[in-house]
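Each chain, letter by letter, is given below.
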Amino acid sequence: MRAVRVGGVRPGELAPSGLHPLHANASLTRAVAAARAAAGDDLIVMAGKMHAAGVASAAGSGIVDVAAIEGFAAAGADVVLMPAPGTVPGCHEAQVREWVEAAHAAGALTMTTIGTSQEGADPDTIRRLALMAKMTGTDIHHLGDCGYFGITVPENILAYSIAIRGRRHAYRRMSMSLLR
């Protein structure tokens with residue numbers, strides 16, 4: 001397996017920080033195009049912003065915009081990541097719903113993310129974030145790795161699952177074999 005230079009950064013290298021959010025999103029768009037060109041259709045390409053990712057000027061709702069989301073999809077992203085409502089200051093349900101609709105219109109799936117250590121919050125907070133994310137119409141839900149030993153607190157995974165699909169489906173999915 002060879003190392004592929006994506007977006008001007010080799011695996012293991014740090015990307016430049018302090019970028020304006022529009023430049024950071026443009027850099028992500030170039031990385032998506034490079035990944036798609038290198039792998040063709042043999043790879044699911046996911047791109048977007050879970051949070052400001054060290055870009056100080058990308059606070060709150062300025063993390064992404066419709067143009068950036070359309071750019072990720074046009075460059076070849078199969079899935080566009082975005083913060084779940086309530087996980088980043090200023091990021092609310094109506095705004096995330098607009099981003100989800102833009103990604104869907106561009107032919108991409110969406111993943112709302114909780115990657116700001118809130119995945120380690122109390123179960124009530126997790127349930128509220130789960131329902132807000134579900135109301136945006138997102139396709140995929142992501143819980144980050146804050147918690148015990150680099151995983152989301154197991155009780156919060158269950159609380160999230162029950163909130164978005166109910167006990168019957170949550171328990172059924174937990175008990176199904178991976179070998180089916």
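Residues numbered from 1 in each chain as written. Predicted model: local features only at pLDDT ≥ 70, side-chain atom pairs only at ≥ 80, totals over all residues. Heavy atoms only, no water.

Chemist: Would you mind showing me how to read the pattern of salt bridges here?
Modeler: If charged atoms from side chains of opposite charge come close, those side chains can pair. Enumeration over the complete set of coordinates arrives at two salt bridges. Among the ionic pairs, Arg 36 bridges to Asp 78, the shortest N-O distance being 2.5 Å. Here Asp 78 lies in the loop between helix H2 (66–75) and strand E2 (79–83) and Arg 36 lies in helix H1 (residues 21–39), a separation of 42 residues in the sequence. Overall, the relative accessible area of 31% leaves Asp 78 in the partly exposed class. Measuring nitrogen to oxygen at the nearest pair gives 2.9 Å for the salt bridge that ties Arg 97 to Glu 93. Highlighted residues: Arg 97 and Glu 93, both in helix H3 (residues 93–105), separated by four residues, approximately one helical turn. (Salt bridge = Lys/Arg side-chain N within 4 Å of Asp/Glu carboxyl O. Helix = DSSP H or I, 4+ residues; strand = E, 2+ residues; numbered from the N terminus. Buried < 20%, exposed > 50% of the residue type's maximum accessible area, 1.4 Å probe, protein only.)

Chemist: Before we go on, may I ask you to explain the pairing of strand E3 (residues 109–114) in this structure?
Modeler: Moving residue by residue along a regular strand, the side chains alternate between the two faces of the sheet. Extensive coverage of E3 is indicated by the burial of five of its six residues. Sheet topology note: the E2/E3 ladder contains five bridges and is parallel. Within E3, the residue paired with Pro 83 across the bridge is Thr 113. Handedness of the E2-H3-E3 crossover: right-handed. Judged from the four bridges that link them, E3 and strand E4 (residues 140–143) form a sheet pairing that is parallel. Residue pairing across strands places Thr 113 opposite His 142, the latter belonging to E4. Of the crossover connections in this fold, the one passing from E3 over helix H4 (residues 123–135) to the parallel E4 is right-handed. (Pairing = 2+ DSSP bridges. Right-handed = clockwise from strand over helix to strand, strands pointing away.)

Chemist: Sorry if this is basic, but what is going on with the sheet that holds strand E1 (residues 46–48) here?
Modeler: Paired through backbone hydrogen bonds, the strands of a sheet run either parallel or antiparallel to each other. Here four strands make up an open sheet; going across it, the order is E1-E2-E3-E4 and the pairing parallel. Looking along the sheet, the strands with just one partner apiece sit at the ends: E1 and E4. Direction aside, the axes of adjacent strands within the sheet are offset by 30° on average. Taken strand by strand, H3 contacts E2 and E3, and its axis lies near 175° from that of E2. Helix H5 (residues 154–175) contacts E3 and E4 of the sheet and is inclined by roughly 160° relative to E4. (Axes fitted to C-alpha atoms, helices over the stretch in contact; angles between N-to-C directions. Contact = heavy atoms within 4.5 Å.)

Chemist: Which parts of the structure should I look at to understand H3?
Modeler: In an α-helix there are 3.6 residues to a turn, and that puts residues three or four apart on one side. The end-to-end C-alpha separation of H3 is 18 Å, in line with the 18 Å expected for 13 residues at 1.5 Å each. Among the residues making up H3, those that are buried are Gln 95, Val 96, Trp 99, Val 100, Ala 102 and Ala 103. The buried residues of H3 occupy one face: seen down the axis, they fall within an arc of 160°. Of the surrounding secondary structure, the elements contacted by the buried residues of H3 are H2, E2 and E3. One or two steps after H3, the chain reaches Gly 107, where phi turns positive at roughly 90°. (Expected span 1.5 Å × (residues − 1). Arc of directions from axis to C-beta.)

Chemist: Where do I start with H4 in this structure?
Modeler: Relative to the 18 Å expected for 13 residues at 1.5 Å per residue, H4 spans 18 Å between its end C-alpha atoms, a close match to the ideal helical length. Within H4, burial applies to Ile 126, Leu 129, Ala 130 and Ala 133. For H4, the arc enclosing every buried residue in end-on projection is 105°, short of the 170-degree limit, so these residues lie on one face. Structurally, H4 contributes buried residues whose contacts are with E3, E4 and H5. Taken from the residues just after H4, Gly 137 is the one with a positive phi, measuring 90°.

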